[in-house]
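Listed below are the residues making up each chain.
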Amino acid sequence: MNRITVFPDKRLHALGDLYGIFFEDINHAADGGLYAEMVRNRSFEFDRIDNYSYDHLTGWEKAGGGEFKIWVESVHPINENNLNYLAIDVAAGEGGVRNRGFNGKMPIKKGEEYIFSFYARRVKNFKSDVRITLVSAENGEKAGEASLKITGCDWKKYEGVIKAEKSLPCALEIVAEGEGRIYFDEISLFPKRTFKGRKNGMREDIALMLKELGPKFMRFPGGCLVHDGSLDKNARDSLYRWKNTIGGVEKRPARRNNWGYNQTLGLGFYEYFLFCEDIGAKPLPVLPGAYNPHRKDAVPLDELDEWVEDALDLIEFARGGENTKYGKIRAELGHKEPFGLEYIAIGNEEVGDEFFERYPYFHKAIKEKYPDIKIIGTSGPFPCGGEFEKGWRSARENGTDIVDEHYYVSPEWFLANYDRYFNYDKTGPKVFLGEYASWGNTLYNALCEAVYMTALEKSGTVALACYAPLLANSAYVNWRPDLIWFDEKSVFGSANYYVQKLFMAHQGKYEVLCENESEDETDVLSFAPNGTIELETVNTKARFYDLKIDGEAFEVSESEKDGRRVYKSDALEKKRESFVLEMKAEEIEGIRGFTIKFGMSENIYYRWEIGGWQNQDSVLCSHINGRESVLAHELKSVERGREYDIRLEVCGNAVECFIDGVKIHSVKILPAVIRPIYTAASVEEDKVYIKAVNIKGTPRLCEIETNCDIRSAEAEVLTGEPQDMNSFEEKEKVSPKALEISFSGSVVKAQMPPMSLCVITVKR
Ligand code: AHR
């Protein structure tokens, strides 16, 4: 049994805006996702620069049985940002185009209205009607139709509404009959029913899933999307520049999305702010810090002004009155009242001195003009290491309010690092856990995250936290796991989604003291390395020599498969717990450095890679059940033809790594500690929320002294088998259900199922 004591009047700290969401256009989260546009490649701007398989007609096919030709040209564009357009030349009969949307079909629903629009012009002799049809792409059955005449030889916008007479998976067809040439651009189809009925709006079902989470803030628009691209804002593959994303959608330049597709920017900064308002979340925009860490491109310091101005202008766009330049632009776009803005982030997990050299310019300028804005700095993509420390150092030196930390790790990492934020300095900058997830969408993953969230809440050092990534179109997966999955017609939340939802709905205003005693033992899962060793290179040829383990010399033999070279020896095959491996290594050809795998057993191994990711880092990782966690990280490149003296010392759970006699990593591998139960409690008005997580395989009776007169008490539980997951077929297999509990006086009794998160709401 667990005895839990809550002290509702012993407030520990305010919880503020703790739980929010992070929106990045990854996995087609925006185009083909939240953004309700149904036409793929609406302005014929898809290009090989976005994705090698694209051309300007990607997403389009010929429709109509006549004699006709289609092509894309850019001689007389609708504007200078939207160069390509479609030409249809009909010689006889019917000719036109068909678009099947992002997932092969558009889910047209009977009784719903669909707004089509396009820009068009014609050559003089083209007089016949253009037919716009929602038609089954399989059997020609029609769900609805409209027709109109292209009236002139200059570009003009045409718009109409089709009411669907049938529910059908459709394509949009635009077909003309006659003789002559017509041109089209920006061919668009939106359901009239968007979230809150907004024009150029959001897909209602996905938006509702987000709103129902109840996030306190939304971080946008990325992620790597923000800082990966050309520094030239006019380049086709520019970094994400917010000023490119406002105004008429036909004037927004098409851009490469760094996740390997095209982004229309139809969901731009105005829409982001509006959406935040619509779901009741505070906007948290992220701007690039004039540095692209992927290409190591930095804006010269004497050209930084424009980038700093972008940040100041964005704040004005969000907060300024109509009498300011950007406040006026916002008002003209339709939002007279300021949106409000409390947070702004500069940079997203940048590594490298160039970023930290530039950050202070942004910081100083923003604080001078807007002293109350909370500025968020970054500490790189990993939970530790030299660049992580650099991020925190920069924050302390500059007076950054909050530091953004990111990590994707094994579920066991969350258990092992439960205490992480209790040890942070309460007087320093606060933490924004801006991206985190355990690798997986099972209930077990979600519960390990729930355990960690109880600690985030109790720490008093974490100000903001959001799971990542948020959305995934199942036909375009760049990254998994994700919080919410969808296709063209349906959407479901993962087990992790329901954990987030329970925590958000029961966040509370203040964290209060909550003590937790158990008669049961805490289980400790040790992950100290114990296994064989392997040397490896990926797409690289290397030479390993002067090898010794614990002073005994040996040699290795090399074999190669699919670009991966493995270097073996009997000495490496032996299972070892503590050892010293010494060797010399030289890269002969290739693109990366060397990898030493050690502690290799059935489900676990450790990996020290020197010259990893773009030959930039030295990284030490654990791999538990195939899930990677970064345990140490430093910048380090390998030079071809140079000899490296490498030494790995493993002693129990202590791992030390040396290159040329210099210690580069020193790590104590933490065990995963499984406590009988994890709890957190908070209050809001007359409510007391108690969250309890049981990640053991046995049920647990909890007796909770709430120290208040209970008027009512109810509970929700998320439980199931550890490997349970939601899917399109079983959308709510893992979802909260009511849990029966009892109460009397000030005491609540709850029987927690094995593998469960329970959230109890007590009214006093
Ligand atoms: O969330 C996916 C990616 O992970 C983000 O774009 C980036 O910030 C991180 O590396």
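Our structure's up above, just so we're on the same page.
Scoring rules and cut-offs
- Residues numbered from 1 in each chain as written.
- Predicted model: local features only at pLDDT ≥ 70, side-chain atom pairs only at ≥ 80, totals over all residues.
- Heavy atoms only, no water.
- Helix = DSSP H or I, 4+ residues; strand = E, 2+ residues; numbered from the N terminus.
- Rg over C-alpha atoms; globule rule 2.2 N^0.38 Å.
- Buried < 20%, exposed > 50% of the residue type's maximum accessible area, 1.4 Å probe, protein only.
- Contact = heavy atoms within 4.5 Å.
- Areas by Shrake-Rupley, 256 points an atom, 1.4 Å probe, with all protein chains shown as cover.
- Lys, Arg positive; Asp, Glu negative; His and termini not counted.
- Charge placed at Lys NZ, Arg CZ, Asp CG, Glu CD.
- Near = heavy atom within 4 Å.
- Polar contact = N/O pair within 3.5 Å; in protein donor to acceptor, adjacent residues only side chain to side chain.
- Nonpolar A, V, L, I, M, F, W, Y, C, P; charged D, E, K, R; others polar.
- Pairing = 2+ DSSP bridges.
- Axes fitted to C-alpha atoms, helices over the stretch in contact; angles between N-to-C directions.
- Parallel < 35°, antiparallel > 145°, perpendicular 65-115°, else oblique.
- Left-handed = near helix turned anticlockwise from the far one by under 90°.
- Phe/Tyr/Trp six-rings, centres within 6.5 Å; stacked < 30°, edge-to-face > 60°.
- Lys NZ or Arg CZ within 6 Å of the ring centre and 35° of its normal.
- Salt bridge = Lys/Arg side-chain N within 4 Å of Asp/Glu carboxyl O.
- Core = buried A, V, L, I, M, F, W, Y, C linked by side-chain atoms within 4.5 Å.

> Talk me through the overall build of the protein; I want residue IDs and the actual numbers.
Scanning the protein for helices and strands turns up eleven helices and 51 strands. For 764 residues, the compact-globule estimate of 2.2 N^0.38 gives 27 Å, and the C-alpha radius of gyration of the protein, at 29 Å, lies within 12% of that figure. Dimensions of the protein along its principal axes, counting C-alpha atoms only, are 85 × 75 × 55 Å. Relative to its 764 residues, the protein shows a buried fraction of 60%. Residue pairs in contact within the protein that sit at least 24 positions apart in sequence constitute 74% of those at least 6 positions apart. Approximately 29,500 Å² of the protein is accessible, and the part contributed by carbon and sulfur atoms is 46%. Each charge class in the protein was averaged separately, 99 positive and 123 negative side chains, and the resulting centres sit 4 Å apart.

> For the site of the ligand, give the residues involved together with the corresponding values.
Close to the ligand lie Glu24, Ile26, Gly223, Cys224, Trp259, Asn348, Glu349, Tyr408, Glu435, Pro469 and Trp479, which account for all nearby residues. Within the contact set of the ligand, an oxygen atom lies 2.6 Å away from a side-chain nitrogen or oxygen of Glu24. Within the side chain of Tyr408, a nitrogen or oxygen atom sits 2.7 Å from an oxygen atom of the ligand. Bound to the protein, the ligand loses 94% of the 280 Å² it would expose on its own. Each residue belonging to the shell around the ligand can be placed in one class, and the counts come to six nonpolar, two polar and three charged.

> Help me get a handle on the sheet that holds strand E32 (residues 552–554), residues and values and all.
Sheet architecture is open: six strands sit in the order E32-E31-E35-E40-E41-E42, paired in antiparallel fashion. Edge positions in the open sheet fall to E32 and strand E42 (662–668), since each of these has one partner strand only. Neighbour-to-neighbour, the strand axes of the sheet open up by a mean angle of 20°, direction not taken into account. Sheet topology places strand E35 (residues 579–590) next to strand E40 (residues 643–651); eight bridges connect them, and they run antiparallel. Along E40, the bridge assignment pairs Glu586 with Glu643.

> Give me the lowdown on the pairing of strand E47 (residues 712–719), citing residues and values where you can.
The pairing of E47 with strand E51 (residues 756–763) spans eight bridges and is classified as antiparallel. The partner of Glu716 across the bridge, within E51, is Val759. Inspection of the sheet shows E47 paired to strand E48 (residues 737–739) by three bridges, in the antiparallel sense. Note on E48: the bridge partner recorded for Val717 is Lys737.

> Hey, could you go over the packing of helix H9 (residues 443–459) against helix H10 (residues 495–505) for me, with residue numbers and the actual values?
Viewed as axis vectors pointing N to C, H9 and H10 meet at an angle of 25°, and their least axial separation amounts to 8 Å. Considering the angle they form, H9 stands roughly parallel to H10. As for the relative orientation of H9 and H10, their crossing is right-handed in sense. Touching Leu443, Asn445, Ala446, Glu449, Ala450, Met453, Thr454 and Glu457 of H9 are Ala495, Asn496, Val499, Gln500 and Phe503, all from H10. Here the contact of H9 with H10 is built from residues that sort into seven nonpolar, four polar and two charged.

> With reference to specific residues and values, describe the sheet that holds strand E13 (residues 180–191).
Read from one edge to the other, the open sheet built from five strands follows the order E4-E5-E13-E8-E11, with strand pairing classed as antiparallel. Both outer strands of the open sheet, strand E4 (67–73) and strand E11 (156–163), are each paired with one neighbouring strand and no more. Neighbour-to-neighbour, the strand axes of the sheet open up by a mean angle of 30°, direction not taken into account. Bridge count for E4 against strand E5 (residues 85–92) is seven bridges, and the pairing is antiparallel. What sits directly across from Phe68, in E5, is Val90.

> Talk me through H10; I want residue IDs and the actual numbers.
Buried residues dominate H10, accounting for nine of its eleven residues. The set of residues buried in H10 consists of Ala495, Asn496, Tyr497, Tyr498, Val499, Gln500, Leu502, Phe503 and Met504.

> Got a sec to walk through the packing of aromatic side chains? Specific residues and values, please.
The geometry of an aromatic ring pair is captured by the separation of the ring centres together with the interplanar angle, meaning the angle of the planes. In the structure shown here, the tally under the stated rule is 50 aromatic pairs. Plain terms: the ring middles of Tyr35 and Phe190 are 5.5 Å apart, the flat faces sit at 75° to each other, and that makes the pair edge-to-face. Of this pair, Tyr35 sits in the loop between strand E2 (21–22) and strand E3 (60–63) while Phe190 sits in strand E13, placing them 155 residues apart in sequence. In textbook terms, an aromatic cluster arises when at least three aromatic residues are bridged by ring pairs, as seen for Phe23, Phe220, Tyr240, Trp242, Phe269, Tyr270, Tyr272, Phe273, Phe317, Tyr326 and Phe339. Looking at Arg48, its charged tip hangs above the ring of Tyr52, at a distance of 4.0 Å from the centre. Between Arg241 and the ring centre of Trp307, over which it is positioned, the NZ or CZ distance is 3.6 Å.

> So what about the pattern of salt bridges? Which residues, and what values?
Counted according to the given criterion, the structure contains 69 salt bridges. Here Glu61 ties to Arg98 by a salt bridge, and the two come within 2.8 Å at their closest N and O atoms. Taken together, the residues Glu61 in strand E3 and Arg98 in strand E6 (residues 94–99) connect sequence positions 37 residues apart. Residue classification places Glu61 among the partly exposed positions, given a relative accessible area of 25%. Across the pair Arg181 and Asp89 runs a salt bridge, and its minimum N-O distance is 2.7 Å.

> Explain the nonpolar core to me, and be specific about the residues and the numbers.
Among the nonpolar cores identified, the biggest contains 168 residues, and Phe23, Phe598 and Trp608 are the most heavily contacted of them. If you tally residues by element for this core, the top one is H9, at eleven residues. Those residues in contact with Phe23 that sit more than four places away from it in its chain are Ala29, Ala30, Leu34, Met218, Arg219, Phe220, Pro221, Gly222, Leu267, Tyr272, Leu470 and Leu471.

> Got a sec to walk through the packing of helix H1 (residues 204–213) against H10? Specific residues and values, please.
Where H1 contacts H10, the two axes come as close as 8 Å, and the packing angle between them is 45°. On the basis of their axis angle, the class for H1 and H10 is oblique. Note on element contacts: H10 touches H1 through Tyr497, Gln500, Lys501, Met504 and Ala505, opposite Met209, Glu212 and Leu213. Split by residue class, the contact of H1 with H10 holds five nonpolar, one polar and two charged.

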